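Spelled out, the chains give:
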Amino acid sequence: MITVNNVTKKYGKTKANNDLNFTVKDGEIAILLGPNGAGKSTIIKCICGLLRFEGTIEINGAPCRSLDAKRQLGYIPELPALYDMLTIEEHLEFIARAYGLTDWKAKADALIERFELDDKRKKLGKELSKGMQQKVSICCALLFEPKVIIFDEPMVGLDPHAIKELKLIFSELRNQGVSLLISTHMIDSVEDYWDVAHIMMNGEIRATRRAEELTEADESLEALFFSITEGEA
Ligand SMILES: Nc1ncnc2c1ncn2[C@@H]1O[C@H](COP(=O)(O)OP(=O)(O)OP(=O)(O)O)[C@@H](O)[C@H]1O
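- Within an unreviewed UniProt entry, the label attached to the chain reads ABC transporter ATP-binding protein, and the organism entered is Eubacterium limosum.

Structure representation (structure tokens):
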């Protein structure tokens, strides 16, 4: 579970996040939607313990900057950051060692195959395309089976097969009780799998809807998004 309470993050005079409050429960998929500059990446970096901020954020009850929180959190950044001189296999081995995993090889192999990276196992990070790097980044985050996973713009750069697999993985993780937070500005890419959507604008959450609420109201996420974001500075 992710708990965000009264989080404000300023960059100089810019309030990138202004008093944000939300939770992502176990087995729930939450999406953060917002135009460029709305503050999505900032709150994600705060949750991942990468930025200082005002307020509190907990990962399953542990302060987000603690080791306990970091052990339970997988983060797939918008721009993959691989090691130039490690192969795909070595990246996964590195993660396995860092998290003290045993019996990880079968899971690593399954992930490599699932993302069609089998014939690239021995390629170095610097030799991979942007999409391949993104796939490796996802495999690394999934390998240690975190209880909470955060994806920042996960579909950007992925091919259709990988997008299909990733959507299946989202649903499998939800069934396993994992909390998922996914940020995107591509509404089309998220229409069919979320539980709760937060629409951000100028550092604030301007609307929150559960999927069933939208269905009952016969409202579309896209229409709601534009009603909130269009015309505002
Ligand atoms: N390192 C930084 N220094 C100063 N201002 C920053 C910094 N990072 C982000 N900002 C500002 O904070 C605000 C929120 O940016 P953020 O990157 O969180 O938006 P975003 O919703 O993730 O946008 P995008 O969809 O373009 O990735 C913007 O006004 C941005 O200019």
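Still to come is the rest of the account.
1. Thoughts on the site of the ligand
Phase 1 of the analysis: Around the ligand, the structure places 13 residues, and the nearest of them are Gly37, Gly39, Lys40, Ser41 and Thr42.
Phase 2 of the analysis: Here an oxygen atom of the ligand and a side-chain polar atom of Asn36 are 3.0 Å apart.
Phase 3 of the analysis: For the ligand, an oxygen atom lies 2.5 Å from a polar atom in the side chain of Thr42.
Phase 4 of the analysis: The fraction of the free accessible surface of the ligand (630 Å²) that becomes covered by protein chains is 60%.
Phase 5 of the analysis: Contributing elements (two or more residues each) for the shell around the ligand: strand E2 (14–24) and helix H1 (40–47).
Phase 6 of the analysis: For the shell around the ligand, a count of residues per class yields four nonpolar, seven polar and two charged.

2. Remarks on the pairing of strand E4 (residues 54–59)
Phase 1 of the analysis: Sheet topology note: the strand E1 (residues 2–11)/E4 ladder contains five bridges and is antiparallel. Across the sheet, residue Ile2 finds its bridge partner in E4, namely Ile59.
Phase 2 of the analysis: Taken together, the two bridges between E4 and strand E5 (residues 62–63) define a ladder with antiparallel strand orientation. Looking at the pairing, Ile59 lines up with Ala62 of E5.
Phase 3 of the analysis: Adjacent in sequence and paired antiparallel, E4 and E5 are bridged by two residues, among which Asn60 carries a positive phi angle near 45 degrees.

3. Remarks on the UniProt feature "domain: ABC transporter" (unreviewed entry) in the chain
Phase 1 of the analysis: As recorded in UniProt, the sites labelled "domain: ABC transporter" (unreviewed entry) are residues 2–227.
Phase 2 of the analysis: Along residues 2–227 the backbone is 34% helical and 27% strand, and the end-to-end C-alpha distance reaches 28 Å.

4. As for the packing of helix H4 (residues 105–114) against helix H5 (residues 130–143)
Phase 1 of the analysis: Relative to each other, H4 and H5 sit at 150 degrees, their axes nearing to 10 Å. Between H4 and H5, the interaxial angle falls into the category roughly antiparallel. At the point where H4 passes H5, the crossing takes the right-handed sense. Of the residues in H5, those touching H4 at Lys107, Ala108, Leu111 and Ile112 are Cys139, Leu142 and Leu143.
Phase 2 of the analysis: Within the contact of H4 with H5, the residues separate by chemical class into six nonpolar, no polar and one charged.

About the criteria used
- Residues numbered from 1 in each chain as written.
- Predicted model: local features only at pLDDT ≥ 70, side-chain atom pairs only at ≥ 80, totals over all residues.
- Heavy atoms only, no water.
- Near = heavy atom within 4 Å.
- Polar contact = N/O pair within 3.5 Å; in protein donor to acceptor, adjacent residues only side chain to side chain.
- Areas by Shrake-Rupley, 256 points an atom, 1.4 Å probe, with all protein chains shown as cover.
- Helix = DSSP H or I, 4+ residues; strand = E, 2+ residues; numbered from the N terminus.
- Nonpolar A, V, L, I, M, F, W, Y, C, P; charged D, E, K, R; others polar.
- Pairing = 2+ DSSP bridges.
- UniProt positions renumbered as here; feature names shortened; annotations may be inferred.
- Axes fitted to C-alpha atoms, helices over the stretch in contact; angles between N-to-C directions.
- Parallel < 35°, antiparallel > 145°, perpendicular 65-115°, else oblique.
- Left-handed = near helix turned anticlockwise from the far one by under 90°.
- Contact = heavy atoms within 4.5 Å.

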